[in-house]
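So you can see what is in the structure, the chains are spelled out below.
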Amino acid sequence: PYRHEELMAKVAAQLTDKRYQHCLRVEDTARQLAADNGVDIELAGIAGLLHDYAKQRDDQTFIQLIKTRGMDPDLVSYGNGVWHGYVGAELIKDELHIYNEPILNAVRLHTVGAPYMTKLDQIIFMADFIEPARDFPGVEAAREATAKSLADGVRFQIQHTLDYLIQKGAPVYPQTLATYNAWVGGVD
Ligand code: DGI
Ligand code: FE
Ligand code: FE
Ligand code: FE
């Protein structure tokens with residue numbers, strides 16, 4: 001249904017070669033995680049390929065869409081990191097004519113996660129974090145957690161991300177915190 005070669009060309013046309021190569025590695029990692037976790041491999045591959053489709057658009061493009069599509073107005077205060085998933089899904093509909101909600105949602109949530117994530121959402125979230133070229137301190141532990149279970153991987157990543165944002169003094173989008181509370185926060 002989705003012409004793979006055609007989508008690859010469309011993604012490549014929007015990104016630097018470096019970012020495009022990352023998308024191909026995320027596609028590959030997503031396919032592996034899908035095979036390991038009983039998720040549709042083609043769907044996971046397409047979502048992985050497309051996840052950063054909008055990453056290199058101008059701020060103005062994102063801000064305009066946030067305003068005209070009735071998205072959370074607070075999004076405007078958070079920047080490309082938070083925009084390219086949520087708003088990127090709108091550009092994927094408009095430009096690639098892909099309306100598959102499981103794919104679009106996995107793209108929307110790939111950076112900040114959500115309290116409830118489907119297995120496909122979790123796969124794209126994790127594939128982006130652990131693809132073979134990632135080399136931050138802790139990536140091996142993240143790969144091991146993800147191999148144990150997707151949920152362990154998600155917990156690891158959201159804790160790492162929140163920690164990173166706080167270390168940097170970056171603003172935390174409320175949904176990032178909601179993801180953290182749902183997956184990590186436990187009373188004891
Ligand atoms: O697009 P990638 O570089 O492959 O990776 P990504 O989509 O996971 O993350 C993009 C950036 O978004 C990353 O540097 C961390 C940042 N980010 C994640 N959550 C938040 C955030 N930035 C802000 N300001 N607030 C958040 O809640
Ligand atoms: Fe991204
Ligand atoms: Fe990510
Ligand atoms: Fe990415």
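Residues numbered from 1 in each chain as written. Chains lettered and ligands numbered in written order. Predicted model: local features only at pLDDT ≥ 70, side-chain atom pairs only at ≥ 80, totals over all residues.

## Examining the UniProt feature "domain: HD" (unreviewed entry) in the protein chain
This is how the line gets drawn: UniProt positions are given in the numbering used here, feature names are shortened, and annotations may be inferred rather than shown by experiment. A helix here means a DSSP run of H or I that spans at least four residues, while a strand means a run of E at least two residues long, and both kinds are numbered starting from the N terminus.
Within this numbering scheme, the UniProt entry marks residues 19–133 as carrying the feature "domain: HD" (unreviewed entry). Secondary structure within residues 19–133 divides into 66% helix and 0% strand; the distance between the first and last C-alpha atoms comes to 11 Å.

## Let's talk about unusual backbone geometry
For His97, which is not glycine, the phi torsion reads 55° and is therefore positive. When you line up the elements, His97 lands in the loop between helix H5 (80–96) and helix H6 (101–108).

## Quick look at the packing of helix H8 (residues 139–148) against helix H9 (residues 150–168)
Which entries qualify depends on this criterion: Axis geometry follows a simple rule: fit a line to the C-alpha atoms, using only the stretch in contact for helices, then measure angles between N-to-C directions, giving values from 0 to 180 degrees. For classification purposes, angles smaller than 35 degrees are called roughly parallel, those larger than 145 roughly antiparallel, those between 65 and 115 roughly perpendicular, and all remaining angles oblique. A residue pair is marked as a contact if its C-beta atoms, positioned from the backbone, fall within 7 Å. Ten residues, namely Ala, Val, Leu, Ile, Met, Phe, Trp, Tyr, Cys and Pro, are considered nonpolar, four, namely Asp, Glu, Lys and Arg, are considered charged, and the remaining ones, Gly among them, are considered polar.
Remark: H8 packs on H9, axes separated minimally by 5 Å, with the N-to-C direction vectors making an angle of 150°. Relative to H9, H8 is oriented roughly antiparallel. Facing H8, whose interface residues are Ala141, Ala142, Ala145, Thr146 and Lys148, H9 presents Leu150, Asp152, Gly153, Phe156 and Gln157. Across the contact of H8 with H9, the residue classes break down as five nonpolar, three polar and two charged.

## What about the nonpolar core?
In summary, soluble globular proteins display a tendency toward joint burial of nonpolar side chains. Formally: Structurally, a nonpolar core is described as a collection of buried Ala, Val, Leu, Ile, Met, Phe, Trp, Tyr and Cys residues joined by way of C-beta atoms within 7 Å. Residue burial here comes from a neighbour count, namely the number of other C-beta atoms, placed from the backbone, that lie within 10 Å of the residue's own C-beta, with 20 or more meaning buried, 12 or fewer meaning exposed, and in between meaning partly exposed.
Residues Ala30, Ala47, Leu50, Ile123 and Met126 are the most contacted members of the largest nonpolar core, which totals 45 residues. Mapped by element, the contributors of at least two residues to this core are helix H2 (17–37), helix H3 (41–50), helix H4 (59–68), H5, H6, helix H7 (119–130), H9 and helix H10 (174–183). Ranked by the residues each element gives to this core, the list is headed by H7, at eight residues. When residues no more than four places from it in sequence are discounted, the contact partners of Ala30 are Ala44, Gly45, Ala47, Gly48, Ile123, Ile124 and Ala127.

## Some words on the site of ligand 1
We count it as follows: Nearness rests on one distance test: the residue's C-beta atom, set from the backbone, must lie within 6 Å of the molecule or strand.
Neighbouring residues of ligand 1: 17 residues in total, closest Gly81, Thr111, Ala170, Tyr173 and Thr176. Considered class by class, the residues forming the shell around ligand 1 number eight nonpolar, six polar and three charged.

## Structural notes on the confidence of the model for the protein chain
Stated formally: A score between 0 and 100, pLDDT records how confident the predictor is in each residue.
On average, residues of the protein chain score 96 in pLDDT, and 97% of them are at 70 or above. This complex was scored by the predictor with a pTM of 0.96 and an ipTM of 0.96.

## Section: the environment of His4
Relative to the assigned elements, His4 resides in helix H1 (residues 4–14). In this structure the C-alpha to C-alpha distance between His4 and Thr29, which are 25 residues apart in sequence, comes to 16 Å.

## Focus: H10
Each turn of an α-helix holds 3.6 residues, which means side chains three or four residues apart point in the same direction. For clarity, the cut-off: An arc is given here, and it is the one of the directions from the helix axis to the C-beta atoms.
Buried residues of H10: Gln175, Thr176, Thr179, Tyr180 and Trp183, and no others. The buried residues of H10 occupy one face: seen down the axis, they fall within an arc of 150°. On its buried side, H10 packs onto H9.

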